[in-house]
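Take a look at the letters that make up each chain.
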Amino acid sequence: MNILGIESSCDETAAAVVADGTRLLSSVVASSGNLHQAYGGVVPEIAARSHLESILPVIEQALKKARLGWPDIDAIAVTQGPGLIGSLLIGLLSARTLAICKNKKLLAVNHVAAHPFGAYLSSEPPALPCLVMVVSGGHTFIALMKKHGQYKMLGQTKDDAVGEAFDKVAKLLGLPYPGGPAVSHLADSGNPKKYTLPDANLPKSYDFSYSGLKTAVLRTAQAIAGKDYTLPSHELPGLLDKAQKADLAASFRAAAIDSLTTALKSAAKAYSPACIIVAGGVAAESELRRQLNDPAWICPVLTPPPELCTDNAAMIASYAYFARKEADPYSLLPKPSLSW
Ligand code: KG4
Ligand code: ZN
């Protein structure tokens with residue numbers, strides 16, 4: 001079964017074709033990321049306008065790269081939410097229109113639930129039960145997956161997502177948007193033991209809190225600069241030298257990753273899963289990937305290839321194959337706050 005996936009929840013316009021949920025035939029991603037750089041974060045109106053320009057060429061390219069025509073496509077899967085309303089609308093209305101015109105089934109997909117399926121495209125479907133951790137810009141959670149696409153939530157962040165913390169730390173260090181890769185790169189040249197930062201794991205649970213960690217980075221940076229908490233964060237980059245920034249980035253990254261691996265190890269011990277999947281944008285981070293590669297884990301740990309950790313449509317098409325949820329192409333509406 002060939003599914004065309006369409007994703008447009010944030011600033012990536014993406015389309016992909018996946019056969020039988022696991023064979024990646026094509027994946028095309030156009031990002032409007034560079035248009036948001038001057039603003040330090042995604043501007044919803046700019047993202048939506050950019051989706052409008054890119055969506056049809058991106059879909060056409062996905063079909064072309066897969067060497068398939070419309071008659072070869074069995075269904076269209078589209079992100080229904082969560083995400084930015086203007087962005088979701090473009091992908092969803094494109095999918096609805098194409099489903100009607102080309103007479104295809106329409107499948108509605110929850111973006112967050114789909115993230116782990118980036119790991120289905122580089123191997124056989126994972127053995128179940130599988131422990132799943134999603135670490136993205138909007139979500140951080142650990143869940144148990146007993147059937148493909150069905151999750152039992154074990155723990156989640158109570159405030160900021162870990163990717164959001166990476167982005168905010170990047171901003172206060174004067175690094176460009178998107179912050180995660182920039183913090184990771186800078187951290188490579190810093191000392192992760194230089195500054196002591198708080199633990200983001202909440203006691204006796206698999207829950208996290210990243211807002212305290214983020215504020216601790218801010219306070220530490222203000223102290224290094226010889227200032228108190230009243231110093232506006234936008235003045236910090238000019239007061240810290242390169243080595244201080246690198247040590248802060250490295251200390252933050254170590255604390256953030258430690259919180260993720262600690263919770264994951266404790267959940268793995270409690271639930272004895274057949275495998276573990278770690279997915280979402282932060283799963284592209286090099287030090288986290290290195291630690292997940294350690295043979296000491298009690299079961300195989302799968303991560304999607306870096307380009308399928310960040311937002312893409314292949315995960316949408318794969319998820320739709322395993323957890324099919326047929327929708328009416330005449331009435332499906334976007335759900336910006338879709339939960340699960
Ligand atoms: O999954 P994703 O692409 O979008 C959401 O669904 O949120 O995740 C985006 C997040 C951002 O916070 C970004 O800074 C972070 O993932 N990110 C990274 C890396 N690539 C993306 N963080 C650290 N290292 C990376 N290489
Ligand atoms: Zn995402």
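Refer to the structure presented above.
No experiment lies behind these values; they were computed from the predicted model shown.

Cut-off values and rules
Residues numbered from 1 in each chain as written. Chains lettered and ligands numbered in written order. Predicted model: local features only at pLDDT ≥ 70, side-chain atom pairs only at ≥ 80, totals over all residues. Heavy atoms only, no water. Core = buried A, V, L, I, M, F, W, Y, C linked by side-chain atoms within 4.5 Å. Buried < 20%, exposed > 50% of the residue type's maximum accessible area, 1.4 Å probe, protein only. Helix = DSSP H or I, 4+ residues; strand = E, 2+ residues; numbered from the N terminus. Contact = heavy atoms within 4.5 Å. Near = heavy atom within 4 Å. Polar contact = N/O pair within 3.5 Å; in protein donor to acceptor, adjacent residues only side chain to side chain. Areas by Shrake-Rupley, 256 points an atom, 1.4 Å probe, with all protein chains shown as cover. Nonpolar A, V, L, I, M, F, W, Y, C, P; charged D, E, K, R; others polar. Donors = N, O, S within 2.8 Å, 3.2 Å for Na, K, Ca; no water. Tetrahedral: all angles 85-135°; square planar, octahedral: opposite > 155°, others 65-115°. Salt bridge = Lys/Arg side-chain N within 4 Å of Asp/Glu carboxyl O. Axes fitted to C-alpha atoms, helices over the stretch in contact; angles between N-to-C directions. Parallel < 35°, antiparallel > 145°, perpendicular 65-115°, else oblique. Phe/Tyr/Trp six-rings, centres within 6.5 Å; stacked < 30°, edge-to-face > 60°. Lys NZ or Arg CZ within 6 Å of the ring centre and 35° of its normal.

Visitor: Run through the nonpolar core, naming residues and quoting values.
Guide: Formed by 54 residues in total, the largest nonpolar core has its most connected members in L131, I142, F252, L264, I276 and V278. When contributions to this core are tallied by element, the ones reaching two or more residues are β6 (130-135), β7 (140-147), α5 (162-172), α6 (179-187), α7 (211-224), α8 (242-271), β9 (275-279) and α9 (286-292). Of the residues forming this core, the biggest block, 13 residues, is contributed by α8. Every residue in contact with I276, bar those within four places of it in the chain, is listed here: C130, L131, L264, A268, W297, C299, P300, V301 and L302. Listed in part, the 34 residues of the second largest apolar core include A75, L107, C275 and I277.

Visitor: Pulling in residues and values, what's your account of the site of ligand 1?
Guide: Close to ligand 1 lie 17 residues, the nearest being G137, G163, D167, G180 and G281. At 2.6 Å from an oxygen atom of ligand 1 is found a side-chain nitrogen or oxygen belonging to D167. Coverage of ligand 1 by the protein chains reaches 85% of its 550 Å² of free accessible surface. Elements that contribute at least two residues to the shell around ligand 1 include exactly α5 and α6. Tallied by class, the residues present in the shell around ligand 1 amount to 4 nonpolar, 10 polar and 3 charged.

Visitor: With reference to specific residues and values, describe the coordination of the zinc ion (ligand 2).
Guide: Surrounding the zinc ion (ligand 2) are the protein donor atoms H111 (NE2), H115 (NE2) and D311 (OD), which sit 2.0 to 2.1 Å from the metal. One can describe the donor arrangement at the zinc ion (ligand 2) as tetrahedral, given that its 4 donor atoms subtend angles of 98 to 125 degrees at the metal. The class for H111 is buried, based on a relative accessible area of 7%. Given the relative accessible area of 16%, D311 is considered buried.

Visitor: Outline the pattern of salt bridges, listing residues and values.
Guide: Counted by the stated rule, this structure contains 7 salt bridges. A salt bridge links K214 to D160; the shortest N-O distance between them is 2.9 Å. Of this pair, K214 sits in helix α7 while D160 sits in the loop between β8 (150-156) and α5, and the two are 54 residues apart along the sequence. A salt bridge links K168 to E164, with the shortest nitrogen-to-oxygen separation between them at 3.2 Å. Placement of the pair is K168 and E164 together in helix α5, with a separation of 4 residues, close to one helical turn. For E164, a relative accessible area of 25% translates into the label partly exposed.

Visitor: Break down the environment of P181 for me, with residues and values.
Guide: Along the chain, P181 turns up in helix α6. Along the backbone, P181 and Y229 are 48 residues apart, and their C-alpha atoms lie at a distance of 27 Å.

Visitor: Let's hear about the packing of α6 against α8: which residues, and what values?
Guide: As a packed pair, α6 and α8 sit with axes 8 Å apart at the nearest point and diverge in direction by 110 degrees. By the angle class used here, α6 and α8 are roughly perpendicular. Contacts between α6 and α8 involve V183, S184, L186 and A187 from the former and K242, K245, A246, A249, A250, F252 and R253 from the latter. Of the residues contributing to the contact of α6 with α8, the split by class is 7 nonpolar, 1 polar and 3 charged.

Visitor: I'd like a description of the packing of aromatic side chains, backed by residues and values.
Guide: A full pass over the atoms with the stated rule returns 8 aromatic pairs. On the basis of an interplanar angle of 40 degrees and a centroid distance of 5.9 Å, the ring pair of F117 and F322 is categorised as tilted. Residue F117 is found in the loop between α4 (111-114) and β6, and its partner F322 is found in helix α11 (residues 314-322); the two are separated by 205 residues along the sequence. The exposure class of F117 is buried, given its relative accessible area of 0%. Taken together, the ring pairs in this structure connect F117, Y120, Y319, Y321 and F322 into an aromatic cluster. Just above the ring of W297 sits the side chain of K265; from NZ or CZ to the centre is 5.2 Å. A cation over an aromatic ring shows up here: R324 above the ring of Y321, its NZ or CZ 4.8 Å from the ring centre.

Visitor: Can you explain the environment of L56? Please cite residues and give values.
Guide: Position of L56 relative to the elements: it lies in helix α2 (residues 44-65). Relative accessible area serves as the criterion here: at 48%, L56 is assigned to the partly exposed category. Each C-alpha atom, one on L56 and one on Y271, is 44 Å from the other, the two residues being 215 residues apart in sequence.

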